[in-house]
Amino acid sequence: DSGVTQTPKHLITATGQRVTLRCSPRSGDLSVYWYQQSLDQGLQFLIQYYNGEERAKGNILERFSAQQFPDLHSELNLSSLELGDSALYFCASSRGTGIPTDTQYFGPGTRLTVL
Amino acid sequence: TQLLEQSPQFLSIQEGENLTVYCNSSSVFSSLQWYRQEPGEGPVLLVTVVTGGEVKKLKRLTFQFGDARKDSSLHITAAQPGDTGLYLCAGSLTGNTPLVFGKGTRLSVIA
């Protein structure tokens, strides 16, 4: 158990819909990262928040958005869903800003299926 | 184009055998990490290497960072069924950039 929690574990929805994925970081961790894992693309970095502020952005689609709240939990919002958005979505947290010595702890993931 | 190429993609071996998996790039990385991911779980960090030529050992696992900091390898001695999983390498191009992951090597160790 990494200490990072993600809900829900599974999500099945239809194309065009909007969903929200939730992540609670480990106690004391200030950074939250979101990743998407698919069979063809592998694990891809989407976005990072540090203490409530956006810190780094990866290949995140405009239909996707995220935020980190004052209690440090984070939500990833996916809208206008397409079949290709079906994937595993992971949240990770770390103590600091994300330098190499700052270990990222991954949650168990949310499996999103878009039908 | 994948920034980090891992090989082989799949590997199935008998318990007790040795194996090496590779992580290669044409880019220079400030650091490289190796993770293991089991089904239904998130990746777990095994090691971080930051110096060219660095070798780190974790029990039966030996990690090496290439001299030019463009590649890395993971060697497992006397593999056990518990080593089964997806091994991912990830790198940071500079000290402050997000991690880039390879697609992984899926290892199966048969008892």
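Residues numbered from 1 in each chain as written. Chains lettered and ligands numbered in written order. Predicted model: local features only at pLDDT ≥ 70, side-chain atom pairs only at ≥ 80, totals over all residues. Heavy atoms only, no water.

**Considerations on the overall build of chain A**
Line of reasoning, step 1. Summing up its helical and strand segments, chain A has zero helices and eleven strands in all.
Line of reasoning, step 2. Walking chain A from its N terminus toward its C terminus, one meets helices and strands in the order β-β-β-β-β-β-β-β-β-β-β.
Line of reasoning, step 3. Relative to the 2.2 N^0.38 estimate, which gives 13 Å for 115 residues, the radius of gyration of chain A is 13 Å and therefore close to what a compact globule would have.
Line of reasoning, step 4. Expressed along its principal axes, the backbone C-alpha trace of chain A runs to roughly 40 × 30 × 25 Å.
Line of reasoning, step 5. Out of the 115 residues in chain A, the part that is buried amounts to 52%. (Helix = DSSP H or I, 4+ residues; strand = E, 2+ residues; numbered from the N terminus. Rg over C-alpha atoms; globule rule 2.2 N^0.38 Å. Buried < 20%, exposed > 50% of the residue type's maximum accessible area, 1.4 Å probe, protein only.)

**Details of the overall build of chain B**
Line of reasoning, step 1. In terms of regular secondary structure, chain B is built from zero helices and eleven strands.
Line of reasoning, step 2. Along chain B, helices (α) and strands (β) appear in the sequence β-β-β-β-β-β-β-β-β-β-β when read from the amino end.
Line of reasoning, step 3. Here the C-alpha atoms of chain B give a radius of gyration of 13 Å, agreeing with the 13 Å that 2.2 N^0.38 yields for 111 residues.
Line of reasoning, step 4. Counting only C-alpha atoms and orienting by the principal axes, one finds that chain B spans roughly 40 × 30 × 20 Å.
Line of reasoning, step 5. The buried share of chain B, taken over its 111 residues, is 42%.
Line of reasoning, step 6. The contacts in chain B between residues at least 6 apart in sequence include a share of 54% that link residues at least 24 apart.
Line of reasoning, step 7. Carbon and sulfur atoms provide 51% of the accessible area of chain B, an area that totals close to 5300 Å².
Line of reasoning, step 8. Taken as two groups, the 9 positive and 9 negative side-chain charges of chain B have centres that lie 4 Å from each other. (Contact = heavy atoms within 4.5 Å. Areas by Shrake-Rupley, 256 points an atom, 1.4 Å probe, with all protein chains shown as cover. Lys, Arg positive; Asp, Glu negative; His and termini not counted. Charge placed at Lys NZ, Arg CZ, Asp CG, Glu CD.)

**Topic: the nonpolar core**
Line of reasoning, step 1. Formed by 21 residues in total, the largest nonpolar core has its most connected members in Val19, Leu21, Trp34, Leu76, Leu78, Tyr89 and Leu112 of chain A.
Line of reasoning, step 2. Of all the secondary-structure elements, those providing two or more residues to this core are strand S3 (19-24), strand S4 (31-38), strand S5 (42-50), strand S7 (64-68), strand S8 (74-78), strand S9 (87-94) and strand S11 (110-114) of chain A.
Line of reasoning, step 3. Aside from chain neighbours lying at most four places away, what touches leucine 76 of chain A is Val19, Thr20, Leu21, Trp34, Leu46, Ile60, Ser65, Ala66 and Tyr89 of chain A.
Line of reasoning, step 4. By size, the runner-up hydrophobic cluster in this structure holds 20 residues, among which are Leu19, Ala79, Cys89 and Leu107 of chain B. (Core = buried A, V, L, I, M, F, W, Y, C linked by side-chain atoms within 4.5 Å.)

**Some remarks on the pairing of S8 of chain A**
All names here are of chain A.
Line of reasoning, step 1. In terms of burial, S8 is largely enclosed, as five of its five residues are buried.
Line of reasoning, step 2. A two-sided burial pattern is seen for S8, the buried positions comprising Ser74, Leu76 and Leu78 on one face and Glu75 and Asn77 on the other.
Line of reasoning, step 3. As paired elements, S3 and S8 share five bridges and run antiparallel to each other. Each residue of the ladder has a partner; that of valine 19, found in S8, is leucine 78.
Line of reasoning, step 4. In the sheet, S7 pairs with S8 via five bridges, with the strands oriented antiparallel. (Pairing = 2+ DSSP bridges.)

**Observations concerning the state of the cysteines**
Residue and element names in this part refer to chain A.
Line of reasoning, step 1. A full pass over the atoms with the stated rule returns two disulfides over all chains.
Line of reasoning, step 2. Bridging cysteine 23 to cysteine 91, the disulfide has an S-S length of 1.8 Å. Judged by the sign of its S-S torsion, about -50°, the cystine formed by cysteine 23 and cysteine 91 is left-handed. Here cysteine 91 lies in strand S9 and cysteine 23 lies in strand S3, a separation of 68 residues in the sequence.
Line of reasoning, step 3. Residue classification places cysteine 23 among the buried positions, given a relative accessible area of 0%.
Line of reasoning, step 4. With relative accessibility at 0%, the residue cysteine 91 sits in the buried group. (Disulfide = S-S within 2.5 Å.)

**Thoughts on the side chain of aspartate 83 of chain B**
All names here are of chain B.
Line of reasoning, step 1. For aspartate 83, the position within the fold is in the loop between strand S8 (71-76) and strand S9 (85-92).
Line of reasoning, step 2. Classification of aspartate 83 by relative accessible area gives buried; the value is 4%.
Line of reasoning, step 3. With sequence-adjacent residues up to four places away left out, aspartate 83 is seen in contact with Arg36, Arg60, Ile76, Leu107 and Val109.

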